[in-house]
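Take a look at the letters that make up each chain.
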Amino acid sequence: PNRAGFSGHIIECPPAFAGCPSLNGQGVRGAFSRISTLSFTDEAGPLGSLERAYIEIDGGWGALGIGIDEGVGARFYEGGPTVFTLARDHDPILDPTGINGVRVRNDISSIGAKVSYVTPRILGLRAGLSYTPDAGTRGLDLDTDRRAPGVIEPELDDVIEIGLQFSRLLRDADLRVRSSLTWSQANSASSFYSDTSTTSFGLEFERRDVFRVGFSLLSSDNGGFGDYSALSAGGEWYVDGWAIGVNGVRAEDDTIGFTSQSVTVGASHEINDMIDFTIGYRDSETDFDLVNFSAQNSATHSGVLLEVRIQK
């Protein structure tokens, strides 16, 4: 309940305790990571959200989109494959552990109303630009508007995202190469936080029906009270209709003072055109660097995960 929309807190750290990050006796949160030192009081019940509603004009000069959509920072993401699709180890759609703090997608604007332009692909390379007036949106997978009482908010707006994305097949080697480089800048309406700049890079290699390997990196100043950095790496190998994968992720948030990491191994199989599943094992740990704090300052989860996906 404390991690709805990925935001929230993992271990509560009231500012009254020595060693807890605070500003003027109030709690803080990472402007990019969205992790908070205090918990939310509202109920995390059923929630609906309009996730896509935009008009796109597409032509030989590129594509212009206006409306509710992802920015180019998220759309251009490239990196290592994840053996789980929904309960993935970074930027999870579903987080069974509740302690995942790893984000490698440069998605500070979430699904807010925005204007985006993407150029045509030339020799495998395309560029993109997005502008989002207000970065506070209540998306189901990434809620950037949920607030906790007693926590100073960064109040991000006027988000600019710029990206380059490359995809090309090297026919002689039968190898597909994908890569991306993105940068975002978000202004802060709060006098306590500074503007937030975030950069990400990803690289992936794929040989069809044989393997996929890659990695992604992200670095953000996280609003000015300590940087946020994240790394993800993984690979998949295809054997007799199965995809066998291993993934590792790690993130550090100096604003909140936590380190989050996990290792996942698993296998995925497509049963038919509508149903596929993944089974695997994950070992996760999140540690907080708290001084003179009597509460538990680490959280760990290890266990088997089963993910069944039904789609048309």
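Going by the structure above, here's the rest.
Residues numbered from 1 in each chain as written. Predicted model: local features only at pLDDT ≥ 70, side-chain atom pairs only at ≥ 80, totals over all residues. Heavy atoms only, no water.

Student: How would you explain the overall build of the protein chain if you had to name every residue and give the values?
Tutor: Regarding its fold elements, the protein chain presents one helix and 13 strands. The N-to-C order of helical and strand elements in the protein chain reads β-β-α-β-β-β-β-β-β-β-β-β-β-β. Rg of the C-alpha trace for the protein chain: 20 Å, near the compact-globule value of 20 Å for 312 residues, within the 12% margin. With the C-alpha coordinates of the protein chain rotated into their principal frame, the extents come out at 60 × 45 × 35 Å. For the protein chain, buried positions account for 49% of its 312 residues. (Helix = DSSP H or I, 4+ residues; strand = E, 2+ residues; numbered from the N terminus. Rg over C-alpha atoms; globule rule 2.2 N^0.38 Å. Buried < 20%, exposed > 50% of the residue type's maximum accessible area, 1.4 Å probe, protein only.)

Student: Tell me what's going on with the pattern of salt bridges, and back it up with residues and numbers.
Tutor: The full count for this structure, using the stated rule, is ten salt bridges. Linking R52 and D69 is a salt bridge whose minimum nitrogen-to-oxygen distance equals 3.1 Å. Here R52 is found in the segment before strand 1 (53-59), whereas its partner D69 is found in the loop between strand 2 (62-68) and helix 1 (72-75), with 17 residues between them in sequence. The exposure class of R52 is partly exposed, given its relative accessible area of 40%. With relative accessibility at 10%, the residue D69 sits in the buried group. The partner of E204 in a salt bridge is R212, with the nearest N and O atoms 3.0 Å apart. (Salt bridge = Lys/Arg side-chain N within 4 Å of Asp/Glu carboxyl O.)

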